[in-house]
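Analysis of the macromolecular model
These are the residues of each chain, in order.
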Amino acid sequence: MLTIGRLAATAGVTVRAVRHYHHVGLLPEPERDASGYRRYSAQAAVDLIRIRTLADAGVPLARIDALLHAQPAEFAAAIIDIDVELQCKIDQLTEYRSRIADLASGERLVLPPEVVAILNRMRSLGVSEQRVRLERDSWILLQALDPQAMPQRIRDKTAGLDDPETTRLYLACDRAVDWDPHDPRLDRLIDDLDAWEIEHERDSSRPESLQLISARISEASPAWQRIIDALAHRAERRRTAGHPRP
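Each residue is numbered by its place in its chain's sequence as written, counting from 1. Where local features are concerned, this predicted model is filtered to residues with pLDDT of at least 70; where side-chain atom pairs are given and counted, the filter is 80 or more; whole-chain, interface and lining totals use all residues. Side-chain metrics in this entry use all non-hydrogen atoms of the structure; hydrogen atoms and water are not considered.

1. Overview of the nonpolar core
Selection rule: The definition of a nonpolar core used throughout is a set of buried Ala, Val, Leu, Ile, Met, Phe, Trp, Tyr and Cys residues joined through side-chain atoms within 4.5 Å. The classification of residues rests on relative accessible area computed with a 1.4 Å probe and restricted to protein chains. Under 20% of the type maximum is buried, over 50% is exposed, and intermediate values are partly exposed. In this text, helices come from DSSP runs of H or I with a minimum length of four residues, and strands from runs of E with a minimum of two, each type numbered from the N-terminal end. The contact definition used throughout considers only heavy atoms, calling two residues in contact when any of these lie within 4.5 Å.
Judged by nonpolar contacts, the single largest core of 22 residues is most densely connected at Leu7, Val18 and Leu48. The element that contributes the greatest number of residues to this core is helix α3 (residues 42–56), accounting for five residues. Non-local contacts of Leu48, meaning those with residues more than four positions away in its chain, are made with Leu7, Ala8, Ala11, Val13, Val18, Tyr21 and Leu27. Counting 17 residues, the second largest nonpolar core, distinct from the first, contains Ala172, Ala176, Trp179 and Leu193.

2. Some remarks on the packing of helix α6 (residues 113–125) against helix α7 (residues 129–145)
Put simply, the rule is: Note on method: axes are straight lines fitted to C-alpha atoms, helices fitted across the in-contact stretch only, with angles between N-to-C directions ranging 0 to 180 degrees. Here the word oblique covers every angle except those under 35 degrees (roughly parallel), over 145 (roughly antiparallel) and from 65 to 115 (roughly perpendicular). The handedness criterion is simple: a crossing whose near helix is rotated anticlockwise from the far helix by less than a right angle is left-handed, and one whose near helix is rotated clockwise is right-handed. As a working rule, the residues Ala, Val, Leu, Ile, Met, Phe, Trp, Tyr, Cys and Pro are called nonpolar, Asp, Glu, Lys and Arg charged, and the rest polar, with Gly in that last group.
Following both chains from N to C, one finds α6 and α7 inclined at 165°, their axes separated by 10 Å at the closest point. In terms of their interaxial angle, α6 and α7 are classed as roughly antiparallel. Judged by the sense of rotation from one axis to the other, the crossing of α6 with α7 is right-handed. On α7, the residues touching Val115, Ile118, Leu119, Met122 and Arg123 of α6 are Glu129, Arg131, Val132, Glu135, Arg136 and Trp139. The residue inventory of the contact of α6 with α7, partitioned by class, reads six nonpolar, no polar and five charged.

3. Some points on the pattern of salt bridges
To keep it simple, the criterion reads: Salt bridges are defined as contacts in which a side-chain nitrogen from Lys or Arg sits within 4 Å of a carboxyl oxygen from Asp or Glu.
Applying the stated criterion to the full structure yields 17 salt bridges. Note that Glu129 is salt-bridged to Arg123, the shortest N-O span being 3.0 Å. Across the pair Asp187 and Arg226 runs a salt bridge, and its minimum N-O distance is 2.4 Å. Of this pair, Asp187 sits in helix α10 (residues 184–199) while Arg226 sits in helix α12 (residues 222–242), and the two are 39 residues apart along the sequence. For Arg226, a relative accessible area of 27% corresponds to the partly exposed category.

4. Comments concerning the packing of aromatic side chains
Put simply, the test is: What counts as a ring pair is set by centres within 6.5 Å for rings of Phe, Tyr and Trp (its six-membered ring), and what kind of pair is set by the plane angle: stacked under 30 degrees, edge-to-face over 60, tilted for all other angles. Note on geometry: a ring has a charge over it if NZ (lysine) or CZ (arginine) is within 6 Å of the ring centre and within 35 degrees of the ring normal.
What the rule picks out here adds up to zero aromatic pairs. Between the NZ or CZ atom of Arg131 and the centre of the ring of Trp224, over which it lies, the distance is 5.4 Å.

5. A closer look at α3
The cut-off we apply is this: Each residue after the first adds 1.5 Å to the expected span of a helix.
With 15 residues, α3 should reach 21 Å at 1.5 Å per residue; the first-to-last C-alpha distance of 21 Å fits that figure. Every buried residue of α3 is listed here: Ala44, Ala45, Leu48, Ile51 and Leu54. Just downstream of α3, Gly58 is the residue with a positive phi angle, here 95°.

6. Focus: the packing of α7 against helix α8 (residues 150–162)
At their nearest, the axes of α7 and α8 sit 10 Å apart, and the two run at 155° to each other. Classified by the angle their axes make, α7 and α8 are roughly antiparallel. Note on packing geometry: the crossing formed by α7 with α8 is right-handed. Here Glu135, Trp139, Leu142 and Gln143 of α7 come into contact with α8, specifically with Met150, Arg153, Ile154 and Lys157. The class makeup of the residues in the contact of α7 with α8 is four nonpolar, one polar and three charged.

From the geometry alone we can't say anything about function, so treat these as descriptive.
Put into structure tokens, the structure is as follows:
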């Protein structure tokens, strides 16, 4: 007869594992002898070795009890089923690994190549990484909220980066990120941006699908929030002046 320690050593497991197998009902727990110790038979050692072997092979503990008492044909069929389940898990883990590897590509994971090219071009022009990240987030939101608008926005952004004046204003906004919202330099920048929008027949109002994008940009800087609000207010005044209410 074996003590729990000898039983565990015979099967190559820990005493804690033996107690866990007792707890889940895989290995019967013997009564204590007159000395108060639990003694295990040779059959218990054989059963424990079989349990350990199945567990080490990846068989779920919930399936082991049935396998211990299965006939050869049933055992073989069950093992085939378990092998299929394990292969499915392997395929799933392989897919997860592929996705994890894709994360290393960063922006390429969620954005089309044309947008990634725009972000890289912004970096080459000297735009801060903070502003590039906000631009990236804006593209991600636009793609989710209004994917049909993506091609035109890509064309507009590319054309803007080709235009020296547009690029100058873009860099000026980037430098203003840490300015106080009441900095007088913002007044001049707002005037310049408003004049640019008038010249390019742009409307500072935002369709509903882009309001979240504007919020994502403005929340990063009180100065940018003031610029967005001021331009929207001026555009609204122009619309009101051009279409007086009855």
